[in-house]
Amino acid sequence: LGAILAVVVIYFDKLNPFKPGKTAREVQKTWQLWAKVVIAAAPAAIIGLPLDDWFDAHFYNFISVACMLIIYGVAFILLEKRNKTVEPAITNLERLPYKTALYIGLFQVLSLFPGTSRSGATIVGGLLNGTSRSVVTEFTFFLGIPVMFGASALKMVKFGLHYSGVEIIIMLVGMITAFIVSIFSIKFLLRYIKTNDFKAFGWYRIALGIIVLLYLYFVGDPTANN
């Protein structure tokens, strides 16, 4: 929730159709952007909500997470190698087709599998469907607004709304920390992708996945006795 609030703050003017001074055309473009976000968020609501608990029950373990870290790391590297010879067809967020927005939303559903990461899945989906890095990254941020707000609300309801004062303070501290860190992280990422690709993130995921597997092999599963 803190991370998504950071997105809202950074992009408030762009996301706000009621901003004073916006022309009729700019207002129309803002509503079109929100329409694409809603279309892309629909698969997560329709498919994700019923399957969320099932995926957690069956795949929330170290091996599954490690495997998905490696798989998506490889996907990032292969896509970036392909993109060296393929120019992206969509280089402007305003020209992102509704169909492509839906495809990205379908890839977001894959993040139900632990270890995938929501942004990782949507970025891979966008790159596969011809969007540039900057377009799919920004759209991923916007897509996270309804999805993460909804997920946060759902988690709070699932765990019950009877929180003690200490628990509320802990959640607020976590949310504020996430908000501050995300402000800097988002701005860094947007600058980074202007001159760099996603290969570094791919190698990072592969390395982390291997470390998790090595830990399991030499140390064992720390949750096995829980």
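Conventions we followed
Residues numbered from 1 in each chain as written. Predicted model: local features only at pLDDT ≥ 70, side-chain atom pairs only at ≥ 80, totals over all residues. Heavy atoms only, no water. Salt bridge = Lys/Arg side-chain N within 4 Å of Asp/Glu carboxyl O. Helix = DSSP H or I, 4+ residues; strand = E, 2+ residues; numbered from the N terminus. Buried < 20%, exposed > 50% of the residue type's maximum accessible area, 1.4 Å probe, protein only. Axes fitted to C-alpha atoms, helices over the stretch in contact; angles between N-to-C directions. Left-handed = near helix turned anticlockwise from the far one by under 90°. Contact = heavy atoms within 4.5 Å. Nonpolar A, V, L, I, M, F, W, Y, C, P; charged D, E, K, R; others polar. Core = buried A, V, L, I, M, F, W, Y, C linked by side-chain atoms within 4.5 Å. Expected span 1.5 Å × (residues − 1). Polar contact = N/O pair within 3.5 Å; in protein donor to acceptor, adjacent residues only side chain to side chain. Patch = residues over 30% accessible without salt bridge, like charges linked within 9 Å, V, L, I, M, F, W, Y side chains within 5 Å. Areas by Shrake-Rupley, 256 points an atom, 1.4 Å probe, with all protein chains shown as cover. Phe/Tyr/Trp six-rings, centres within 6.5 Å; stacked < 30°, edge-to-face > 60°.

J.: Give me the pattern of salt bridges: which residues, what numbers.
T.: A complete count under the given rule lists 4 salt bridges for this structure. Note that Glu94 is salt-bridged to Lys29, the shortest N-O span being 3.2 Å. A residue pair is termed long-range when its members are at least 10 positions apart, and Glu94 in the loop between helix H4 (62-83) and helix H5 (98-109) and Lys29 in helix H3 (residues 24-59) qualify at 65 residues. For Lys29, a relative accessible area of 27% puts it in the partly exposed group.

J.: Lay out the packing of H5 against helix H6 (residues 118-128) with the relevant residues and their values.
T.: It is the contact of H5 with H6, at a shortest axis distance of 8 Å, that shows an interaxial angle of 145 degrees. As H5 runs across H6, the sense of the crossing is right-handed. Taken together, the residues of H6 that come into contact with H5 (itself represented by Ile104, Phe107 and Gln108) are Arg118, Ala121, Thr122, Val124, Gly125, Gly126 and Leu128. Tallied by class, residues from the contact of H5 with H6 come to 5 nonpolar, 4 polar and 1 charged.

J.: Residues and numbers for the nonpolar core, please.
T.: Residues Phe139 and Phe142 are the most contacted members of the largest nonpolar core, which totals 37 residues. Mapped onto this core, the elements with two or more residues apiece are helix H1 (2-10), H3, H4, H5, H6, helix H7 (133-158) and helix H8 (165-195). Apart from the residues lying within four places of it in its own chain, the contact partners of Phe142 are Val7, Tyr11, Lys14, Leu15, Leu33, Val37 and Leu93.

J.: Requested: an account of H4, with residues and values cited.
T.: In this model H4 runs 32 Å from its N-terminal to its C-terminal C-alpha over 22 residues, within 8% of the 32 Å that 1.5 Å per residue would give. Taken as a whole, H4 has its buried residues at Ser64, Ala66, Met68, Leu69, Tyr72, Gly73, Phe76, Ile77, Leu79, Glu80 and Asn83. Buried residues belonging to H4 abut H3, H6, H7 and helix H9 (199-218). Sitting at the head of H4, Asn61 places a side-chain oxygen 3.3 Å from the backbone nitrogen of Ile63.

J.: A description of a nonpolar patch on the surface should follow, citing residues and the corresponding values.
T.: Taken together, the side chains of Met156, Val157, Leu161, Ile168, Met171, Leu172, Ile176, Ile180 and Phe184 present a nonpolar region at the surface, about 850 Å² in accessible area. Of all the secondary structure elements, the ones that give two or more residues to the nonpolar patch are H7 and H8. A per-element tally of the nonpolar patch places H8 first, with 6 residues. With respect to the helices, strands and loops of the structure, Met156 is situated in helix H7.

J.: Break down the packing of aromatic side chains for me, with residues and values.
T.: Across all of its chains, the model carries 12 aromatic pairs by this definition. Ring centres 4.5 Å apart and planes at 35 degrees place the aromatic pair Phe59 and Phe113 in the tilted group. With Phe59 in helix H3 and Phe113 in the loop between H5 and H6, the pair connects residues that are 54 residues apart, well separated along the chain. The exposure class of Phe59 is partly exposed, given its relative accessible area of 24%. Plain terms: the ring middles of Phe198 and Phe201 are 5.9 Å apart, the flat faces sit at 55 degrees to each other, and that makes the pair tilted. A residue is classified by how much of its surface remains accessible, and Phe198, at 3% relative accessible area, is buried. The exposure class assigned to Phe201 is partly exposed, which follows from its relative accessible area of 31%.

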